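If you want the building blocks of each chain, they are given just below.
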Amino acid sequence: MKDIYIADLAAFDEGKPFDGFFLVLAKQQRSTKTNKPYLNLILGDKTGQLEGRVWEPGDPRIAKDFERGDVVKARGSASRFDDRLQMKIDQLRKATTSEVDKSDLLPSTTYDVAELWRQLLSFVDSFSNPDLKLLLTTLLAEPDLAQAYREAPAARQLHHAWLGGLLEHVVSLLTLADHVAPHYPILDRDLLLTGVILHDIGKVRELSWEIGFEYTVEGTLLGHIQMGMALVERTIDSLPNFPPKLKTLVLHMILSHHGKLEFGSPKLPMIPEALVLNFLDDL
């Protein structure tokens, strides 16, 4: 855990020095009215962001090898200009990955991610349908995808917009779905829970969380529903003897989970499990 956060600096006495690790959100070369060059930075962490000024960019104590998206260690002081808090930066270097935890730099879930992941896998382990269990264990065993699933936010702004937000959202829905399924015997519990786990899986590719929460190019052009369906379809096609009808039902769960065409669903929910998934997701 880092010592100084953006939110702490408002309480600092003006001119009091500090050291801290921050994420570089923006870097721009500017000039004063007298044409003296300086660096204008936007630095951030999980508590907010703040403008920083490097008035002597040629100083050897100021690193030259950092860019937007890097984590830096900065030494400086807080001050106010036009009643706005800003940093005056005297020293700056690029930080190593071992020096700071990403969860200190971006908003993150308050839950234990390892425990959430254990709960997710325990739901999969409870399945009685061997084809759905194989599909999910195959997907979730892929290291890069599993890591992204544990880290990804569930959205850029609207809900669960923090590291681990996708996993938190899904485990919450799994718990709800597992309570609802026994109440309606018409529902196929394993299909419903599969839809819960896969409905937003495209967000691991739609969103980027290296520099704040942003859409990737593919996410902007395709969207998480189409990206998720393509990912799941490729996985199903790699499995021998996966039932074609079951494949159609799984893909329908993903395509219809927003519930309405005007909300981005390519299809309306047409099976009971898809309808329940949409209601629970909205809830």
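**Q** Break down the packing of aromatic side chains for me, with residues and values.
**A** Across all of its chains, the model carries 3 aromatic pairs by this definition. Consider the rings of Phe18 and Phe22, whose centres lie 6.4 Å apart with planes at 90 degrees: the pair is edge-to-face. Of the two residues examined, Phe18 and Phe22, each falls in the buried class. Between the NZ or CZ atom of Arg150 and the centre of the ring of Trp117, over which it lies, the distance is 4.9 Å.

**Q** Please set out helix α2 (residues 113-125) residue by residue, giving values where relevant.
**A** Taking 1.5 Å per residue as the helical rise, α2 with its 13 residues ought to reach 18 Å, and the 18 Å between its terminal C-alpha atoms agrees with that figure. Among the residues making up α2, those that are buried are Leu116, Trp117, Leu120, Phe123 and Val124. Along the axis of α2, the buried residues cluster in a sector spanning 120 degrees; they form a single face. Within α2, the exposed residues directed more than 90 degrees away from the buried face are Ala114 and Asp125. Turning to α2, the residues buried within the fold contact α3 (130-140), α4 (143-151), α5 (165-180) and α6 (189-198). You can read the cap of α2 off the contacts: a side-chain oxygen lies 2.9 Å from the backbone nitrogen of Ala114, and it is on Asp112.

**Q** Residues and numbers for the nonpolar core, please.
**A** Among the nonpolar cores identified, the biggest contains 50 residues, and Leu120, Tyr149, Leu198 and Val232 are the most heavily contacted of them. Looking at this core, the elements with two or more residues in it are α2, α3, α4, α5, α6, α9 (224-237), α10 (244-255) and α11 (272-282). At 7 residues, the largest contribution of residues to this core is made by α5. With residues near it in sequence (within four places) discarded, Leu198 still touches Leu135, Leu136, Leu139, Val232, Val250 and Ile254. Of all hydrophobic cores here, the second largest spans 21 residues; its members include Val54, Ala78, Leu85 and Ile89.

**Q** For α3, give the residues involved together with the corresponding values.
**A** Among all positions of α3, only Leu132, Leu135, Leu136, Leu139 and Leu140 are buried. Seen end-on, α3 carries its buried residues on one side only, within an arc spanning 115 degrees.

**Q** Describe the pattern of salt bridges, and please don't skip the residues or the numbers.
**A** Tallied over the full model, the rule gives 13 salt bridges. When the shortest N-O distance is used, the salt bridge between Arg61 and Asp59 registers 3.1 Å. With a shortest N-O distance of 2.9 Å, Lys247 and Asp237 are connected by a salt bridge. Note that Lys247 is positioned in helix α10 and Asp237 in helix α9, a separation of 10 residues in sequence. Where salt bridges share partners, they join Asp178, Arg189 and Asp190 into one cluster.

**Q** Before we move on, could you go through the packing of α5 against α6 and cite the residues and values that matter?
**A** For the pair α5 and α6, interaxial distance at closest approach is 9 Å and the crossing angle is 165 degrees. Considering the angle they form, α5 stands roughly antiparallel to α6. Of the two possible hands of crossing, α5 and α6 adopt the one that is right-handed. From α5, Val170, Leu173, Leu174, Ala177 and Asp178 reach across to α6, where they touch Arg189, Leu192, Leu193, Val196 and Ile197.

**Q** How would you sum up the environment of Asp8? Please name residues and give values.
**A** Relative to the assigned elements, Asp8 resides in the segment before β1 (17-31). Judged by relative accessible area, which is 32%, Asp8 ranks as partly exposed. The spatial distance from the C-alpha of Asp8 to the C-alpha of Thr47 is 8.8 Å, given a sequence separation of 39 residues.

**Q** Describe the packing of α5 against α11, with residues and values.
**A** For the pair α5 and α11, interaxial distance at closest approach is 10 Å and the crossing angle is 125 degrees. Comparing their axes, α11 and α5 come out oblique. Relative to α11, the crossing made by α5 is right-handed. Here His169, Leu173, Leu176, Ala177 and Val180 of α5 lie close against α11, whose contacting residues are Val276, Leu280 and Asp281. Classifying every residue of the contact of α5 with α11 gives 6 nonpolar, 1 polar and 1 charged.

**Q** Provide a residue-level description of the sheet that holds β1, including the pertinent values.
**A** The strand order β1-β2-β3-β5-β4 describes a closed barrel built from 5 strands, whose pairing is mixed. Across the sheet, the axes of successive neighbouring strands diverge by a mean angle of 50 degrees, strand direction being ignored. Relative to strand β5 (residues 84-94), strand β4 (residues 71-81) runs antiparallel, the two sharing 10 bridges. What sits directly across from Ser79, in β5, is Gln86.

Conventions adopted
In this numbering scheme, every chain counts its residues from 1 along its sequence in written order. Note on the predicted model: pLDDT of at least 70 is required for a residue's local features to be given, and 80 or more for side-chain atom pairs to be given and counted; whole-chain, interface and lining totals, by contrast, use all residues. Note that the side-chain values use all heavy atoms of the structure and ignore hydrogens as well as water. Stacked, tilted and edge-to-face are the three classes assigned to paired rings of Phe, Tyr and Trp, where Trp is represented by its six-membered ring and a pair needs centres within 6.5 Å; plane angles under 30 degrees give stacked, over 60 edge-to-face, the rest tilted. Partly exposed residues are those whose accessible area sits between 20% and 50% of the maximum for their type, while under 20% is buried and over 50% is exposed, using a 1.4 Å probe and protein chains only. Both a distance and an angle decide whether a charge sits over a ring: NZ of Lys or CZ of Arg must be within 6 Å of the ring centre and within 35 degrees of the ring normal. To qualify as a helix, a DSSP run of H or I must reach at least 4 residues; to qualify as a strand, a run of E must reach at least 2; elements of each kind are numbered from the N terminus. Expected span of a helix, by definition, is 1.5 Å for each gap between consecutive residues, and there is one gap fewer than residues. Each C-beta atom gives one direction from the helix axis, and the arc is the one those directions make. Any pair of residues with heavy atoms lying within 4.5 Å of one another is described as a contacting pair. The definition of a polar contact used here is a pair of N or O atoms within 3.5 Å, where within protein one atom must be able to donate a hydrogen and the other to accept one, and adjacent residues in sequence count solely through side-chain atom pairs. Put simply, a nonpolar core is a bunch of buried Ala, Val, Leu, Ile, Met, Phe, Trp, Tyr and Cys residues held in one set by side-chain atoms that sit within 4.5 Å of each other. Take a side-chain nitrogen of Lys or Arg and a carboxyl oxygen of Asp or Glu: if they are within 4 Å of each other, that pair is a salt bridge. To obtain each axis, a line is fitted to C-alpha atoms, and for helices this fit is confined to the stretch in contact; angles are then taken between N-to-C directions over 0 to 180 degrees. Roughly parallel here means an angle under 35 degrees, roughly antiparallel means over 145, roughly perpendicular means 65 to 115, and every remaining angle is called oblique. Definitions for this section: a left-handed crossing has its near helix turned counterclockwise from the far helix by less than a right angle. A right-handed crossing has that turn clockwise. Gly counts as polar in this scheme, as do all residues outside two lists: the nonpolar Ala, Val, Leu, Ile, Met, Phe, Trp, Tyr, Cys and Pro, and the charged Asp, Glu, Lys and Arg. Think of it this way: DSSP has to see at least two bridges between two strands before they count as a pair.

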